[in-house]
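Report on the structure
The residues making up each chain are set out below.
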Amino acid sequence: MPVNEKFDVIIIGAGPSGAIAASILVQKGWKVLVIEREQFPRFSIGESLLPQCMAFIEEADMLDVVQSQAEALGFQYKNGAAFYRNGEHSNFDFTKKFSDGAGTTFQVKRANFDKVLADRADEIGADIRYKHTVNAVDFKDDSAVVSVTNEQESLQFEAKFILDASGYGRVLPRLLSLELPSTLSDRRAVFCHFEDGIIDEHYDRDKILITVHPEKNDIWYWLIPFSDGTVSFGVVGDVKYFDSTQTDEAVFDSFLAQEPYLAELLKQAKKITPVRSLQGYSSDVTKLYGDRFALLGNAGEFLDPVFSSGVTIAMYSSSLAANLLDKQLSGDDVSWQTDYADNLKAGVEVFKHFVMSWYDTELQNVIFFQKDDNDVKSMICSILAGYAWDKENPYVSKTERRLNALVDICRQGNDG
Ligand SMILES: Cc1cc2nc3c(=O)[nH]c(=O)nc-3n(C[C@H](O)[C@H](O)[C@H](O)COP(=O)(O)OP(=O)(O)OC[C@H]3O[C@@H](n4cnc5c(N)ncnc54)[C@H](O)[C@@H]3O)c2cc1C
């Protein structure tokens, strides 16, 4: 079958990682095709952004459009994370973080947000084809040919390099057998959107609220407010806690009723979307790049939703890969291992320590111990704000050692 069109770069998927990479590459003068299976707007989970994201949104020349559309699209200003466990509250104000960079961001309905980013990438010059699905990729010596179908026909597109930003579609990991099981446990999330009706004057809409289940502290709830009087609410836990004989809605209602503070907060809430569930979302790969491809965002590794790191990692990977690819296409020598895989992994590992320590509940004790503002709190706060690559932060450069020491201090403090 003849090749229909040729490009410098083909990106699979127009989610945050695809749109950001496309925009950066187009601005550097490359001819970019983005192939997206769905028609936007489309639902996606992952609604609470971290301030570190804002740098990549700006780099992709999307900051003005995100800010100017925020109010109309219900994007909620976000300045931190609030935690609740059995009567205890702990707040982290991202503007008091250790690292340089933005201290605020947004919580977004992803259907709207992803469309804003993709429309801007299109406006800047990326060629986005919606309702086109990538089915196969044939790697040759100096190019790659991508086989695509839409409702009418089969097509072939050629490019010098492929960026896989297909998220949970994980196109290249599947086609090239790069999939690796995650070392994290198999967990399930059940969630929906509410018209929230929250009247509690102490409830802070500027923060995501993470609540620990009153009895099983490896189960937690998210409450992500939007600015239009709606919230995203979900519960996450090991699959063993979810009764597979019940519907998602029954499981969801039961978990909400089990947490008295949330049940009270949401007593007037009305569901405005179906209850959905996801399971087995944590994933890994054997390698993040090859001769003519790199994996971005969730198509590479996905950890866990608890610290809202997914979109930040996705955008970080896009910025790294797009800038490196620009150099490679310009004829420079580049090291994908050092400058992409090792660099990206460094921050992912920091988040991974935090995720594992959250579920073994040690980090929860740290979080609820940190009542007052101090240097340690600002360093932890930096990581919660997404600055997991800032090596000036001792909790980034020596995560495990520093966290263990902090856990001991909190344990002694709680005992004493
Ligand atoms: C329960 C849960 C809660 C989460 N909460 C948060 C949160 O609060 N904050 C946060 O930052 N992250 C969160 N995440 C993570 C977040 O969802 C992802 O990290 C993020 O969406 C990754 O972006 P992406 O661009 O890599 O992929 P996606 O956003 O998934 O985009 C991939 C795109 O590729 C397209 N595609 C797939 N296959 C093909 C194909 N064959 N051909 C063409 N196109 C294709 C898809 O249609 C999709 O549009 C959460 C995840 C889960 C599971």
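Here the residue numbering is sequential within each chain, running from 1 through the sequence in written order. In view of the model being predicted, local features appear only for residues whose pLDDT reaches at least 70, and side-chain atom pairs are presented and counted only at 80 or more, with totals across whole chains, interfaces and linings using the full set of residues. By convention in this description, side-chain values take in all heavy atoms of the structure and omit both hydrogens and water.

Comment: elements are numbered from the N terminus, with helices defined as DSSP H or I runs of at least four residues and strands as E runs of at least two. Multiplying 1.5 Å by the residue count of a helix minus one yields the expected span of that helix. The terminal C-alpha atoms of helix 8 (residues 310-329), which comprises 20 residues, lie 28 Å apart, in line with the 28 Å expected from a rise of 1.5 Å per residue. Under the scheme applied here, a residue whose accessible area is under 20% of the maximum for its type counts as buried, over 50% as exposed, and between as partly exposed, the area being computed with a 1.4 Å probe on protein chains only. Within helix 8, 16 of the 20 residues are buried, which leaves it mostly tucked inside the rest of the structure. Just downstream of helix 8, Gly 331 is the residue with a positive phi angle, here 100 degrees.

We now examine the site of the ligand. Residues are counted as near a molecule or strand when any one of their heavy atoms sits within 4 Å of it. Inspection of the region around the ligand gives 38 residues, with Ser 17, Glu 36, Ile 45, Asn 298 and Val 311 positioned closest. N or O atoms within 3.5 Å of each other form a polar contact, as long as, within protein, one can give a hydrogen and the other can take it, and as long as residues adjacent in sequence are counted only when both atoms are side-chain atoms. Here an oxygen atom of the ligand and a backbone polar atom of Ile 45 are 2.7 Å apart. The method behind every accessible area is Shrake-Rupley, applied with a 1.4 Å probe, and residues are considered shielded solely by the protein chains displayed. When the free accessible area of the ligand is taken as 1,000 Å², the share hidden by the protein chains comes to 97%. Listing elements by their share of the shell around the ligand, those giving two or more residues are helix 1 (16-27), strand 8 (133-139), strand 14 (220-225) and helix 8.

A few words now on the packing of helix 9 (residues 336-359) against helix 11 (residues 375-384). In contact at an axis separation of 11 Å, helix 9 and helix 11 are set at 110 degrees when each is read in the N-to-C sense. On the basis of the axis angle, helix 9 is roughly perpendicular to helix 11. Seen from helix 9, the contacting residues are Val 350, Phe 351 and Phe 354; seen from helix 11, they are Ile 380, Ile 383 and Leu 384. Tallied by class, residues from the contact of helix 9 with helix 11 come to six nonpolar, no polar and no charged. Every axis corresponds to a line fitted to the C-alpha atoms, with the helix fit spanning only the stretch in contact, and the corresponding angles, defined between N-to-C directions, vary from 0 to 180 degrees. Angles below 35 degrees are treated as roughly parallel, those above 145 as roughly antiparallel, those between 65 and 115 as roughly perpendicular, and all remaining angles as oblique. Contact criterion: two residues are considered in contact whenever any of their non-hydrogen atoms come within 4.5 Å of each other. Under the convention adopted here, Pro, Cys and the residues Ala, Val, Leu, Ile, Met, Phe, Trp and Tyr are nonpolar, Asp, Glu, Lys and Arg are charged, and Gly plus all remaining residues are polar.

What marks off one domain from the next here is an automatic or database domain assignment. Domain parsing of the protein chain yields domain 1 (5-44 + 66-74 + 109-181 + 282-347), domain 2 (187-279) and domain 3 (352-415). Taking only C-alpha atoms into account, the centre of domain 1 sits 31 Å from that of domain 2. Taken together, the contacts link eight residues of domain 1 with 12 residues of domain 2. Each partner contributes to the roughly 870 Å² buried at the junction of domain 1 and domain 2, and carbon and sulfur atoms together form 63% of this total. The largest share of the area that domain 1 buries against domain 2 comes from Phe 43, Gly 74 and Lys 109, three residues that together contribute 58% of it. Salt bridges are counted wherever a side-chain nitrogen of Lys or Arg sits within 4 Å of a carboxyl oxygen of Asp or Glu. Run the count over domain 1 and domain 2 and you get two salt bridges. When two parts are put together, the accessible area they lose, computed with a 1.4 Å probe and summed over both, is reported as buried area.

This part takes up the packing of aromatic side chains. In this scheme Phe, Tyr and Trp rings, the latter by its six-membered ring, pair at centre separations within 6.5 Å, and the angle between planes marks the pair as stacked below 30 degrees, edge-to-face above 60, and tilted otherwise. Enumeration according to the criterion identifies 25 aromatic pairs in this entry. Relative to Phe 191, the ring of Phe 43 lies with its centre 6.4 Å away and its plane at 10 degrees, an arrangement referred to as stacked. Placement of the pair is Phe 43 in the loop between strand 2 (32-35) and helix 2 (53-59) and Phe 191 in strand 12 (residues 187-195), with a sequence separation of 148 residues. Classification of Phe 43 as partly exposed rests on a relative accessible area of 34%. With a centroid separation of 5.8 Å and an interplanar angle of 50 degrees, the aromatic rings of Phe 194 and Phe 252 are classed as tilted. Note that Phe 194 is positioned in strand 12 and Phe 252 in helix 6 (residues 248-258), a separation of 58 residues in sequence. A single burial state applies to Phe 194 and to Phe 252, both of which are buried. Sitting over a ring, as applied to charges here, requires NZ of Lys or CZ of Arg to be within 6 Å of the ring centre and within 35 degrees of the ring normal. Positioned over the ring face of Tyr 359 is Arg 187, at 3.4 Å from the centre of the ring.

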